[in-house]
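# Observations on the model geometry
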Amino acid sequence: MKATFITLLACLSLAVPLTASTPPVDAFHTSGTHVRYIKPASVNGQRVLYISELSGGVSCYTPEGEELWHNPSAVKAVMLEIDIADIDGDGSDELFAASADGNVYCWDDDGSLLWVFNPGRKAWFSEIAIVGEGASAQVYAGGNDLKLYELSSSGKLISTTPLKGLVRKLESGNFQNSKRESLFVMTYSHDKFRWNFFGFLDPMSKRPIKSVDVQELGSLNWGRIMVTDIQVQDLDKDGLEDLLFYCHDDFPRFAAYNGNFNELASFVGDRSDRQRYAHVMGTSLLPKRMEIFLQFGGIHYVVDAKGKLLHKSGEPYGGPVFNAITFDSSSGLLITAGEVSGGNGVYMRPVKENNWWDWNPKLVGRIAEVKDNLDKLYEQALQFQMPVYQKPATKEWVMVTPSKPSKAVTKLNGAKIVIVDQWAPAENFDRSKLIKAIGPEADGRDRRKTYDLSREDILDYAREQEMNNQPFVLWTGHGTDPFYVSIETMEMILDVAPNSCYGFLYAEMHNGDDPRIPYFVEEYLPRLARACRKNGKAKIYFRQKNMFWAASVHLEPWKGAFFGGEFSDILVPAAEDTSSRTQELNLVGRVGMFAGGYVDNFAFRLVDDNPTSWRPLTPGGQGSVSPWLRAGVLPAAYGSRHAIIFGNKYWEEPGIDILYALMASGALPIVDKSDIASIGSWHLIQDMDEELIHDVDDHHNVLQYDPTDEDAVFSVAHMHWAGTNLPAHDFSSTAYKVDYRWTNFVPEMPNGMVPVTAVELKSSLEKKNIPFSISDGAQGFVGGKPMKAKTFGQVIGNAARKGFQDLPVKVSGAAWSAVRIDSRHLRLILMDPGYLEPQERHATITFGQQLPGGAKDILSGEALKIDSSQSIQLTIPAGSMRFIDLTF
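Note that the structure is a prediction, hence the values are computed from the model and not measured. (Residues numbered from 1 in each chain as written. Predicted model: local features only at pLDDT ≥ 70, side-chain atom pairs only at ≥ 80, totals over all residues. Heavy atoms only, no water.)

## A look at the nonpolar core
Most often, soluble globular proteins have nonpolar side chains that are buried together. The biggest cluster of nonpolar side chains holds 217 residues, and the ones touching the most others in it are Trp222, Phe562, Leu662, Leu668, Phe714 and Phe731. Here this core gets nine residues from one element, more than from any other, and that element is helix 6 (residues 516-535). Not counting chain neighbours up to four residues away, the residues in contact with leucine 668 comprise Trp397, Val633, Ala636, Ala637, Leu659, Leu662, Met663, Ile829 and Phe883. Counting residues in hydrophobic clusters, the runner-up holds 22 residues, among them Tyr246, Ala256, Phe296 and Val321. (Core = buried A, V, L, I, M, F, W, Y, C linked by side-chain atoms within 4.5 Å. Buried < 20%, exposed > 50% of the residue type's maximum accessible area, 1.4 Å probe, protein only. Helix = DSSP H or I, 4+ residues; strand = E, 2+ residues; numbered from the N terminus. Contact = heavy atoms within 4.5 Å.)

## Quick word on helix 11 (residues 690-697)
For helix 11, the full list of buried residues reads Leu692, Ile693, Val696 and Asp697. The buried residues of helix 11 occupy one face: seen down the axis, they fall within an arc of 120°. Sitting at the amino-terminal end of helix 11 is aspartate 689, which places a side-chain oxygen 3.2 Å from the backbone nitrogen of glutamate 691. (Arc of directions from axis to C-beta. Polar contact = N/O pair within 3.5 Å; in protein donor to acceptor, adjacent residues only side chain to side chain.)

## Focus on the side chain of arginine 168
Here arginine 168 shows up in strand 14 (residues 166-177). Among the polar contacts listed, one links the side chain of arginine 168 to the backbone oxygen of valine 227, at a separation of 2.6 Å. Residue contacts for arginine 168: discarding those within four places in its chain leaves Glu127, Met186, Thr187, Tyr188, Val227, Thr228, Asp229, Trp614, Pro616 and Leu617.

## A word on the sheet that holds strand 11 (residues 138-143)
Sheet architecture is open: four strands sit in the order 10-11-12-13, paired in antiparallel fashion. Two strands close off the open sheet at either side, each with one partner strand: strand 10 (125-131) and strand 13 (157-162). Strand-to-strand twist across the sheet, computed as the mean angle between neighbouring axes with direction ignored, equals 20°. Bridge analysis of strand 12 (residues 147-152) against strand 13 gives five bridges, and the strand direction is antiparallel. When the sheet's bridge partners are listed, tyrosine 149 is paired in strand 13 with threonine 160. (Pairing = 2+ DSSP bridges. Axes fitted to C-alpha atoms, helices over the stretch in contact; angles between N-to-C directions.)

## Remarks on the packing of aromatic side chains
Evaluated as defined, the whole model comprises 50 aromatic pairs. On the basis of an interplanar angle of 75° and a centroid distance of 5.0 Å, the ring pair of tryptophan 549 and phenylalanine 562 is categorised as edge-to-face. One end of the pair, tryptophan 549, is in the loop between strand 33 (539-544) and helix 7 (558-563); the other, phenylalanine 562, is in helix 7, with 13 residues separating them in the sequence. The same class applies to tryptophan 549 and to phenylalanine 562, which are both buried. Consider the rings of phenylalanine 714 and phenylalanine 731, whose centres lie 5.7 Å apart with planes at 75°: the pair is edge-to-face. Of this pair, phenylalanine 714 sits in the loop between helix 11 and helix 12 (731-736) while phenylalanine 731 sits in helix 12; the two residues are 17 residues apart in sequence, bridging distant segments of the chain. A single burial state applies to phenylalanine 714 and to phenylalanine 731, both of which are buried. Clustering of aromatic rings is evident, with ring pairs tying together Phe483, Tyr506, Tyr519, Phe520, Tyr524, Phe542, Phe548, Trp549, Trp558 and Phe562. The cationic tip of arginine 276 hangs over the ring face of phenylalanine 646; the distance from NZ or CZ to the ring centre is 4.1 Å. (Phe/Tyr/Trp six-rings, centres within 6.5 Å; stacked < 30°, edge-to-face > 60°. Lys NZ or Arg CZ within 6 Å of the ring centre and 35° of its normal.)

## Describing the environment of threonine 743
Position of threonine 743 among the secondary structure elements: in the loop between helix 12 and strand 38 (756-758). We classify threonine 743 as buried; its relative accessible area is 4%. A C-alpha to C-alpha distance of 35 Å links threonine 743 and leucine 864, two positions 121 residues apart in sequence.

## Observations concerning the sheet that holds strand 48 (residues 881-887)
Across the sheet, which stays open at both edges, the four strands sit in the order 43-44-48-46 with antiparallel pairing between neighbours. Lying at the two open borders of the sheet, with one neighbouring strand each, are strand 43 (815-822) and strand 46 (854-857). Across the sheet, the mean angle from the axis of one strand to that of its neighbour is 20°, orientation sign disregarded. Relative to strand 48, strand 46 runs antiparallel, the two sharing four bridges. Its bridge partner being in strand 48, alanine 855 is matched across the sheet by leucine 886.

Below is the structure:
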């Protein structure tokens, strides 16, 4: 990663000693995981910090780092907002929270739970605001069920008000009157922008006081802006509070408005500062300084109360990036916390001096621990020598990526890594035949493309790649337009580049109701397959989102293509593994297709985080490669030897080279389906429920609330449920111990691998006496008869547990795979489960009828002992993994 110079916070490698002219730095880390929000508060006349964690834990710390109390979450779900208020009049602030588990919480200042509000049905709360104080205070909350809830200070429901849209923001303040508060309400219909209501409500009547249309609001392009943070502050010092918006539209923006929606300040960053999926987070330093601090990825800005830039530091894709940024006006401390890669550090900076921003503290806590663990893993992988019983791979790793291995990795000889270029041309060709066959839809174009290339332009690229012996794939279609490139041109590409063309890539082609998709499957796919077979190495990659590979693929026309057997040697299913709420479903669906014999290859994809969870609430800019590393190793450990890796510029060194080193050294072996020894049971899909699929696939629409969404085998997977807790009967909860779906999940696997595939595998499993369950994604089937999901969950669990008990090796406490190296050796690949909450894990290895004669960590050389209970106890370093060979 690029270095950051004189930035607010810098990478570990850039930490510098403090000088006499630099104010002392105060930093500590919490005992919990992944700090998400921080609220400075007052308790018994002392300043404290209320802190929330990603999966719902809350705690209270002194500014010196002393933990006063910590309440882990009873039900894990994403804590979406916290707020404070003194509701009992004792001079100390209570803590309030809106949780994706469907509850609103209130804790006393000593950490005791005062009350919990639940609406009596499945819901999801994202916002909370308090009007007034003391016993007469009113608490307002909202979320995905299109209602505004008014609660008393004791948590009793006072009223509900219907809203047009999902609640994006609630804020209270004296916006129009210094003696009477009002409520700012912002609702959404889209996962990024397109608000339904933007205005003020009277807290008593809930009637609108003033609202605006998107086109009426100030100088910024509000029709394309994603709001990522809001603050209430009297910016113009007129005695009334104002709204400060932290937002972006590819590059950073800040704007402030008063209670009449008159613009008070505006700032737009330079286009050169653009960073993928970076969020703008910020805070005002009023009343200590008439300044506002902004974080946008690796860049920090300080602007004045009008939005004029005073200071800029850092650079695009620098680091680190924080979830929480706030200012404690009582102590004069700027506080940043919670590295978005999964950190629990808290950093405080006095802002008295004019050059307060010149600050380079060393990072602390979990993210520093993970960095050390990954550095060690990388060095071990570079030193690894394959044991004599492991033969060098005869197949190769195929990495479609701009990220090339380091020289140190290229010296390893356990397996070959082929680095493949990717290009996405858009050909200007005559579509009249397509239009005649399909209709006018065939001329639909991707608005992101210019379609200015001729056939010869594209063939010239292919010839040049062939001449330079550089492997490549072409991205030749998308759900917006399956026909970036004509079939004739693709056939000719395979002729002019028979050695270098590794195939073609299609993305987000899930919609079988689009008339272009059946035509593509019936006409393009057979011709491409014939041409690829003639080429000998070319494949057709399909990169699909959501839960396509566990669900949508079982609908026509895709079912025939992927489960019919005609194209099994050519098709390579892939998914956006690191930007999906339903990653575990897409993973086990691809494993099912591979291990079930329906495809010969499958791929994983590592790409910038945040696109497919609810975008305004899932900041990107993860600097640690740990999440991506684990999300790549897990599918590779189940047979994926292809990858589509986006060149993530946030990654700290050595970045993706850790994955390459594990592959090239042979520590991470290339896995044939017959070598997988950790599949215990299966889940089979019969007559996939189309209504369930289409609702989930409509992932930008957040106006789909239905409390019965949890009444399914694959439940609450829609965008508007992002972060909610899964019901106990859900397949992912039952089989994989998934607590909630957020920006990705590398799950704990208490039952080993439970693949999902087509019901046609049933007879084969019955012959081998392998347990399985059957569903259509919405309901289950037992003995051919339907069963409601809430009851069927027990059937899934029974099959999963029985299959697990029959495995030769069993692991608890980790994400894992068992791979046969030869007839006497098994390799266990054990990973820290979770994703953005890395922590040291304690795992247990137990055995079936045969105990191994030895167990060895192949990277560290440590011999592991089997204890008196005939099991092995070991730890997995935070954010990392271990490779254990068992000798039988």
